[in-house]
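So you can see what is in the structure, the chains are spelled out below.
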Amino acid sequence: MKVELNIYSLMFIALLPNFMFIPSITVLADHYETNFSIMQLSVSLYMVASASLQVLLGPLSDKYGRRPVLIACLLTLIIASLGCVFSPSTEIFFLFRIMQATAVSGMVIGRAIVIDVFHQKDSVKILSKIAIVLGISSILGPAIGGILIETYSWQAIFYFIIGIGMFSFFYNFFSLEETNKYLVKNLSDQMDNYKKLMSSSRFWAYSFIGGFSSSTFFTILISIPYIGEIIYGLSSFQSSLLLIIITSGFILGSLSSPILLGLFSEKKVLYFSMLSSIAGALISFVLYIIFPQYILSIFSPFFLIGLSNGFISPIALSKVLSIRDDSRGAASGLNGAFIIGFGALYSAIGGYFLGYIERVEIIYFMIFSSLILTYISILHTDEFKHSSLKK
């Protein structure tokens, strides 16, 4: 139970620096005398760094163990968060934000520990719960960030992260035991593992599914501060509450995924996912055209997109992590890089054009394109290529 709870806490910390930061984008743009399109890059740069680190941290944990990699990253997170508080310029701030991305170690190491410790049947259930924790983090993060900004200042966000980071650092330093029983001996073995992973059609199919579906989520995420605060005049805290809509859908989908897999074939669950996401996007677009004065006409139907992502996430993740016993860290890292990397690309493009064109329609173009790419990836899974509908 202690191991499981620690995994959930690591997942929470992994997303906290980015989600807590979201409500502060417009405030920091004023503080550093820049505009939204520039300051939102601190989110995209963080996500790019997260994606890159996941490629490195997974193999490092395969070679040196989960524990030392996690401890080093948590220490770096604490130092980087302190650096963000005292950054004298946008450029220095961006540098420390990139260093903050070491928080993603909680996600990479946590998922690898799941596969190290638990059997595959139990791991799917735990990965579903992890998806719920990630959803809760994405709800609480912006809400806490918005409250801290309105009550204290933007610096309070980073002091909060420092406090949680220190707690996790000391707990894992004194309590976490090494779980990796298949340490990779040399670099050539590591490269072989990468080659074997990347030669797997299952790895590519499910990584693309995770990457493209996350792009939809991050497009909505990055649009909330601008649409909420600039276009509709909401406060930082009020706009952060909009994220509850899609993340509550994600949580419900993650809870439902194991239940649905017990009742229906995986193929049918993926069908449900596709129908839910396209319905959410289309309903939102139609309501926005009819009732453009109401911000909830845009965001309320995104609950269905969150539901879709919740259906997909545990399935895709368990498939990728179970490909090879000796490459779980590498698989976790590469898969995470796809998810965060695609999200970073989409959020950067969406945020840039949203800031300059100042049209809500931009997010619909980004959402529909990522959904189409998700569906194409789903159709390339073994379930769709080689099986018929069952159950």
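Placed above this text is the structure.
Small disclaimer: the values here were computed from a predicted structure and weren't measured.

Caption draft 1: Structural view of the overall build of the protein chain. Each helix and strand counted, the protein chain has 19 helices and zero strands in total. In terms of overall dimensions, the protein chain is globule-like: its C-alpha atoms have a radius of gyration of 20 Å, near the 21 Å expected for 391 residues. For the C-alpha atoms alone, the extent of the protein chain along its principal axes is close to 55 × 50 × 35 Å. For the protein chain, buried positions account for 59% of its 391 residues. In the protein chain, 85% of the contacts between residues at least 6 apart in sequence involve partners at least 24 apart. In the structure as shown, the protein chain presents an accessible area of about 15,600 Å², 70% of it carried by carbon and sulfur atoms.

Caption draft 2: The arrangement of the nonpolar core in detail. In this structure, Phe93, Ile130, Phe158, Ile298, Phe299 and Phe302 are the most contacted members of the largest nonpolar core, which totals 114 residues. Every residue in contact with Phe158, bar those within four places of it in the chain, is listed here: Phe21, Ser81, Cys84, Val85, Phe93, Arg97 and Gln100.

Caption draft 3: Seen up close, the packing of aromatic side chains. What the rule picks out here adds up to 29 aromatic pairs. Ring centres of Phe36 and Tyr226 lie 4.9 Å apart, and the angle between their planes is 55 degrees; on these two criteria the pair is classed as tilted. One end of the pair, Phe36, is in helix α3 (residues 36–39); the other, Tyr226, is in helix α11 (residues 201–231), and 190 residues separate them in sequence. Each of the two residues, Phe36 as well as Tyr226, counts as buried. Between the aromatic rings of Trp204 and Phe338, the centroid separation amounts to 5.5 Å while the plane-to-plane angle is 85 degrees, which identifies the pairing as edge-to-face. Here Trp204 is found in helix α11, whereas its partner Phe338 is found in helix α17 (residues 328–357), with 134 residues between them in sequence. Over the face of the ring belonging to Phe21 we find Arg97, whose NZ or CZ atom lies 4.1 Å from the ring centre.

Caption draft 4: Spotlight on the pattern of salt bridges. As enumerated under the stated definition, the model contains five salt bridges in all. One salt bridge in this structure joins Lys129 and Glu4, with 3.6 Å as the shortest N-O distance. Pair noted here: Lys129 is in helix α8 (residues 120–151) and Glu4 is in helix α1 (residues 2–19), with a separation of 125 residues, a long-range link. Looking at Lys129, the relative accessible area reads 41%, which means it is partly exposed. A cluster of three or more residues bridged by salt bridges with shared partners is formed by Asp62, Arg66 and Asp116.

Thresholds applied
Residues numbered from 1 in each chain as written. Predicted model: local features only at pLDDT ≥ 70, side-chain atom pairs only at ≥ 80, totals over all residues. Heavy atoms only, no water. Helix = DSSP H or I, 4+ residues; strand = E, 2+ residues; numbered from the N terminus. Rg over C-alpha atoms; globule rule 2.2 N^0.38 Å. Buried < 20%, exposed > 50% of the residue type's maximum accessible area, 1.4 Å probe, protein only. Contact = heavy atoms within 4.5 Å. Areas by Shrake-Rupley, 256 points an atom, 1.4 Å probe, with all protein chains shown as cover. Core = buried A, V, L, I, M, F, W, Y, C linked by side-chain atoms within 4.5 Å. Phe/Tyr/Trp six-rings, centres within 6.5 Å; stacked < 30°, edge-to-face > 60°. Lys NZ or Arg CZ within 6 Å of the ring centre and 35° of its normal. Salt bridge = Lys/Arg side-chain N within 4 Å of Asp/Glu carboxyl O.

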